[in-house]
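Secondary and tertiary structure notes
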Protein chains: 2
Amino acid sequence: TSEITVANYILTRLVQLGVTKMFGVPGDFNLAFLDLVEDHKSIDWVGNCNELNAAYAADGYARVKQTSLGVVTTTFGVGELSAMNGIAGAFSEMVPVLHLVGVPSTTQQKARPILHHTLGDGRYDAYTIASQQFTIMQTSLNKDSDVARLIDDTLVACITRARPVYMTLPTDMVYEHISAERLKIPLARHPAINDVETEDFVLDVIEERVKEAGGDVIILVDACVIRFEVQDEVNDLLRSTGFPVYATPMGKTAIDESYERYGGVYIGSITQPLVKERVESAKLILSIGLLSSDFNTGNFSYNIPIRRLIELHSDHTRIQYALFQGVGMKQLLPKLTERLKQFHANASKIPVEPFTSMVPKSMGGDETIVHSHFWPRVGQFFQPKDVIITETGTANFGIMNIPLPDGAKLVSQILWGSIGWSVGSALGAAFAARETGKNRVILFVGEGSLQLTVQELSPMIRHGLTPILFVINNAGYTIEKFIHGKYRKYNNVDNWKWTGLLDTFGCNSGKPSKSYTVSTRTELDRLLNNEEFGAAKQIQLVEVVMPALDAPDVLTQTAGQKA
Amino acid sequence: TSEITVANYILTRLVQLGVTKMFGVPGDFNLAFLDLVEDHKSIDWVGNCNELNAAYAADGYARVKQTSLGVVTTTFGVGELSAMNGIAGAFSEMVPVLHLVGVPSTTQQKARPILHHTLGDGRYDAYTIASQQFTIMQTSLNKDSDVARLIDDTLVACITRARPVYMTLPTDMVYEHISAERLKIPLARHPAINDVETEDFVLDVIEERVKEAGGDVIILVDACVIRFEVQDEVNDLLRSTGFPVYATPMGKTAIDESYERYGGVYIGSITQPLVKERVESAKLILSIGLLSSDFNTGNFSYNIPIRRLIELHSDHTRIQYALFQGVGMKQLLPKLTERLKQFHANASKIPVEPFTSMVPKSMGGDETIVHSHFWPRVGQFFQPKDVIITETGTANFGIMNIPLPDGAKLVSQILWGSIGWSVGSALGAAFAARETGKNRVILFVGEGSLQLTVQELSPMIRHGLTPILFVINNAGYTIEKFIHGKYRKYNNVDNWKWTGLLDTFGCNSGKPSKSYTVSTRTELDRLLNNEEFGAAKQIQLVEVVMPALDAPDVLTQTAGQKA
Ligand SMILES: Cc1ncc(C[n+]2csc(CCOP(=O)(O)OP(=O)(O)O)c2C)c(N)n1
Ligand SMILES: Cc1ncc(C[n+]2csc(CCOP(=O)(O)OP(=O)(O)O)c2C)c(N)n1
Ligand SMILES: [Mg+2]
Ligand SMILES: [Mg+2]
């Protein structure tokens, strides 16, 4: 049988899974591996400025690419630990990321000398132990193991369970030869098949419940529809049944927001009144891919009795109070569609108010850019297939009630909520958008958040990516001010020359860039109407000057709940 | 008895230990605590741009402040994990840092809802478990515990063992009242007293060995002399005995390099020949605070037989092959001085070549700034009591054989070697330098390393700190190029407008700053001779343009060893 080096085995598998970019930072223990990446014909090395940003980028790449995964390569200790928050975020938010760590040779791992990047006490397993908390599998490649199988199992776990995995590659394993035989077998992309009998039972019960409800059912799509890639299946269900559909904050854009039976976003008690009424008065709520976190549920304020709730998850189903293990939605959904299409006639009569937003008329010609104006206004700027990324802060809340066009994709990190994430994520997302036929990449980030990861603008420029970066400059951590410490100094941040950033990082790159400041609604309008700006042919940064103590309604309401 | 809130108990203890600055980033779970920090009369909040940089700053603060500790405050999950590499670095390099994490309330910790910043699966202990790998103590404050004692024990562990500790402060514990009684008892600053009988025996044996050697002894000072604060004790020993003294890379400036019996730096096989000869030919080598890591020992190339070696450590002593547990150097050293001063007459005759460096004459008027020129030249620029910080990369190696003036302190991270560290560290060091009567803070950082943590220039400006920042611009990761991949693209970095950084971050701050580029030796000379520049009255950044493939000899030799 033919042989292949361990490194190339990994790279071949990644190519099979659609990976074209690898994020990370070089280090002594991964340099030899990086030779092979640099020389690889279909995987490119994206050198990041630091490892946390690289992990964020891998996460953003995986989110937009879907059906693929993100890869971040770091070096022993210093590199991998820097990436840890990014990996934990991928765990929390269920994003498939491979964290590949270059580590000392297998010989050194046995002798355990006090190399640089060690803790000085010979504990070579400390980083792996820590990573157990944030990855679903930790794989150490060494000469005694069935390397090919281990690699395969690790990658399968990553993509089928949509969680990060951790793999260490010792320097002396990079060029080790193993059999290439397994590469002929494609890796399983989806979780195990449902148990037929349980599944049948579940289908019967759901059909029965829907019948009892006279077809008065609404569907609520949530994060895991995206994470476990059942968007097509859900769309089929929707079109076949005509059930109205709503989304949670983390499920936003799982279903096209231009779909005529889509009614907007449900966030428990802080939902817009009509939407709230529609969702909560349905006889049956079919929740798909529910992720029940505080900010995703209006701080756990759903007003939906469990008696009226059916939940489809990646690996189980809940019908009212009953749990059905091993019945996952990927296989269940098509069958459910078959069962439920009979209700189309009734279901399609249930009214759904169109999901819209209006730019409010300015009072007395006030020119201040406030959230209640800004978000509806940028809503008009969006185009089909745009990838829109919002950062934790006012941005995440501002976007919620803005309808996004056909094929647009919203990327945010509502559960993990690590600020700075969106900047690295936008880098990865921009690569993925280019590859998947998406349109523009548009980032909304608070200036406080931008400060954490600002250097990642640099690889965006280097690689000729052309995102539009809206930087909300409101003199500090506005979201925190609403939570606690409204007038506290610790909630202020330095006022950088935001429009100087692209130039500072990029002026020697030969790549064009453009920066703008908008301080009035008129300036904002003019910019958003400017066709050249909208064409996004170069990287552009827009400083949006907003008042320190203005926030979207959804945020002030959320903050109110917490108090 | 009088009562005090938990938060103020912590702050009071920190003040007693000399803490004046607290580093970190706000977050929902530490905001209430930050109110008390902001209002505190003798502790200032230093808002950092991100948590990794904050941890680096706490580390730099602790290194320069000595006898105190660094404190970094983060928020649950996202914040604390971002700081993890910085904390692990403090562990590895033995720097006392308190990582104080604001976490959900004790009630929430019991109910374990899926709050933001959780992993989505109810594991509230995951971050603490991970931190066990990188801190010597993890303390969770809650209502059932003896809070005051726990806080005390945690802080004592931190300062006596010179390692990071981890403490979680739930939101509902901040204002809990506890007795203030214990605050009257000062915390122990030094490890337990030695066992008298063992210590006596050790003293006898050492005296005997020195006698056998006829006083032909040299002393080798290493990292732990600084970390365990025995610099005064070592100085007494040196002056009383007249033994020649040398330093390891990590021990550099533990002893004033202007001391007349100081002979320079010993790095095993890559030591300068005369120094190597002097150290290795001594009949007895008394090593104090040895830290035996790869880069600190010329890749484990000491040519010193164990028969001729005595090692004093913080909690044990080694004489040739014999280990004496529980005999630590802090108490041993003064007694040893008493025993060994009898050898002064003989010892003071042992020759010590003066430790100097010479700026080489340029060949044919070559104006290129190369390492062999640069380091001796900046050597002349240093002043007494300067704090000099060097980053992993060419800088760490370039500084090694440059003699530093009286009271100068070198700060570097040779064991952990996480690039970007020096920038955050310089921020913390600059505060500590100001408080401890040091002179200027001078940073040498590669442009590749600066990219990881560049935003931390921003708080330097905000707080009016005035470090001099030398940025070595050599078109990439030069140190890595010498290790592997000399012509590889992954070892190149973007060429930012380095001299635009201070302006971009600081132009709205009202604080002055100045930036320079030097590309020739003449320009370098002119700048270093400029008195206003040398006075360091404002923050200054110097871009030093150097060839991509030039490196200090010590580095090329080290890289050669590895191959
Ligand atoms: C890594 C990390 N550190 C700290 C926090 C706490 N935090 C959440 S939002 C926020 C402020 C964001 O401010 P900004 O980006 O300016 O957004 P704004 O609300 O002002 O629009 C902070 C500090 C966090 N979520 N993640
Ligand atoms: C956090 C972290 N990531 C990666 C590395 C690997 N590494 C060590 S030195 C270095 C390059 C430093 O380059 P630069 O700062 O430009 O210094 P130079 O040698 O060029 O002067 C890298 C990438 C590391 N030590 N730490
Ligand atoms: Mg802000
Ligand atoms: Mg460099």
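Please read these numbers as outputs of a predicted model, since none were measured by experiment. (Residues numbered from 1 in each chain as written. Chains lettered and ligands numbered in written order. Predicted model: local features only at pLDDT ≥ 70, side-chain atom pairs only at ≥ 80, totals over all residues. Heavy atoms only, no water.)

Tetrahedral metal sites with four donors have an ideal angle of 109.5 degrees; octahedral sites with six donors have ideal angles of 90 or 180 degrees. Residues and elements named next belong to chain A. Around the magnesium ion (ligand 3), the protein contributes the donor atoms Glu447 (OE), Asn474 (OD1) and Gly476 (O), at 2.1 to 2.2 Å from the metal centre. Of note, the magnesium ion (ligand 3) draws all its donor residues from one chain, in the sequence arrangement E-x26-N-x1-G. Highlighted residues: Glu447 in helix α18 (residues 447–453) and Asn474 in the loop between β19 (468–473) and α20 (478–483), separated in sequence by 27 residues. Just as Glu447 is buried, Asn474 falls in that class too. (Donors = N, O, S within 2.8 Å, 3.2 Å for Na, K, Ca; no water. Helix = DSSP H or I, 4+ residues; strand = E, 2+ residues; numbered from the N terminus. Buried < 20%, exposed > 50% of the residue type's maximum accessible area, 1.4 Å probe, protein only.)

It is worth spelling out the coordination of the magnesium ion (ligand 4) at this point. Residue and element names in this part refer to chain B. The magnesium ion (ligand 4) binds to the protein through Glu447 (OE), Asn474 (OD1) and Gly476 (O); the donor distances cover 2.0 to 2.2 Å. Counting along the primary sequence, the residues that act as donors to the magnesium ion (ligand 4) give the motif E-x26-N-x1-G. Of the two residues, Asn474 and Gly476, neither departs from the other in class, the shared state being buried.

Further remarks concern helix α3 (residues 51–65) of chain B. Residues and elements named next belong to chain B. In this model, α3 (15 residues) spans 21 Å end to end at C-alpha, consistent with the 21 Å of a helix rising 1.5 Å per residue. Here α3 lies mainly inside the structure; 15 of its 15 residues are buried. Near the N-terminus of α3, the side chain that reaches the backbone nitrogen of Leu52, with its oxygen 3.2 Å away, is that of Asn50. (Expected span 1.5 Å × (residues − 1). Polar contact = N/O pair within 3.5 Å; in protein donor to acceptor, adjacent residues only side chain to side chain.)

A separate point is the packing of aromatic side chains. Counted according to the given criterion, the structure contains 46 aromatic pairs over all chains. For the ring pair A:Tyr127 and B:Phe134, a centre distance of 6.1 Å and an interplane angle of 15° mean the geometry is stacked. Residue A:Tyr127 is located in helix α7 (residues 126–131), and its partner B:Phe134 is located in the loop between α7 (126–131) and β6 (138–140); the two belong to separate chains. Here A:Tyr127 and B:Phe134 have matching classes, each one buried. When the ring centre of B:Phe91 is taken as reference, the NZ or CZ atom of B:Arg163 above it lies at 4.4 Å. Positioned above the aromatic ring of B:Phe381 is the side chain of B:Arg440, whose terminal nitrogen or guanidinium carbon lies 4.3 Å from the ring centre. (Phe/Tyr/Trp six-rings, centres within 6.5 Å; stacked < 30°, edge-to-face > 60°. Lys NZ or Arg CZ within 6 Å of the ring centre and 35° of its normal.)

Before going further, it helps to spend a moment on the interface of chain B and chain A. Counting residues at the interface gives 80 residues for chain B and 80 residues for chain A. Between chain B and chain A lies a buried interface of about 6,600 Å² when both sides are counted; carbon and sulfur atoms form 55% of it. Of the charged contacts in the structure, one is a salt bridge between A:Asp494 and B:Arg462, with a shortest N-O distance of 2.8 Å. Ranked by residue count, the leading element in the side of chain B that touches chain A is helix α2 (residues 31–39) of chain B, at 6 residues. Counted by class, the side of chain B that touches chain A contains 37 nonpolar, 26 polar and 17 charged residues. (Contact = heavy atoms within 4.5 Å. Buried area = accessible area lost by both parts, 1.4 Å probe. Salt bridge = Lys/Arg side-chain N within 4 Å of Asp/Glu carboxyl O. Nonpolar A, V, L, I, M, F, W, Y, C, P; charged D, E, K, R; others polar.)

What follows concerns the sheet that holds strand β21 (residues 539–545) of chain A. Residues and elements named next belong to chain A. Taken together, 6 strands build an open sheet; the order of strands is β17-β16-β18-β19-β21-β20 and the sheet is parallel. In this open sheet, the two strands that pair with only one neighbour each are β17 (409–411) and β20 (513–518). Across the sheet, the mean angle separating the axes of adjacent strands is 15° when strand polarity is ignored. As defined by bridge partners, strand β16 (residues 387–390) adjoins strand β18 (residues 441–446) across 4 bridges and the pair is classed as parallel. Looking at the pairing, Thr390 lines up with Phe444 of β18. Against the sheet, helix α17 (residues 421–435) contacts β16, β17 and β18, and its axis sits at roughly 180° relative to β18. Contacts from helix α22 (residues 521–529) reach β19, β20 and β21, with the element oriented near 150° to β20. (Pairing = 2+ DSSP bridges. Axes fitted to C-alpha atoms, helices over the stretch in contact; angles between N-to-C directions.)

Here we take up the packing of helix α1 (residues 6–16) of chain A against helix α8 (residues 147–161) of chain A. All names here are of chain A. Taken N-terminus to C-terminus, the directions of α1 and α8 make an angle of 30°; their axes are 11 Å apart at the nearest point. Taken together, the axes of α1 and α8 are roughly parallel relative to one another. Between α1 and α8 lies a crossing whose hand is right-handed. Of the residues in α8, those touching α1 at Val6, Tyr9, Ile10, Arg13 and Leu14 are Val147, Ala148, Ile151, Asp152 and Leu155. By residue class, the composition of the contact of α1 with α8 is 8 nonpolar, no polar and 2 charged. (Parallel < 35°, antiparallel > 145°, perpendicular 65-115°, else oblique. Left-handed = near helix turned anticlockwise from the far one by under 90°.)

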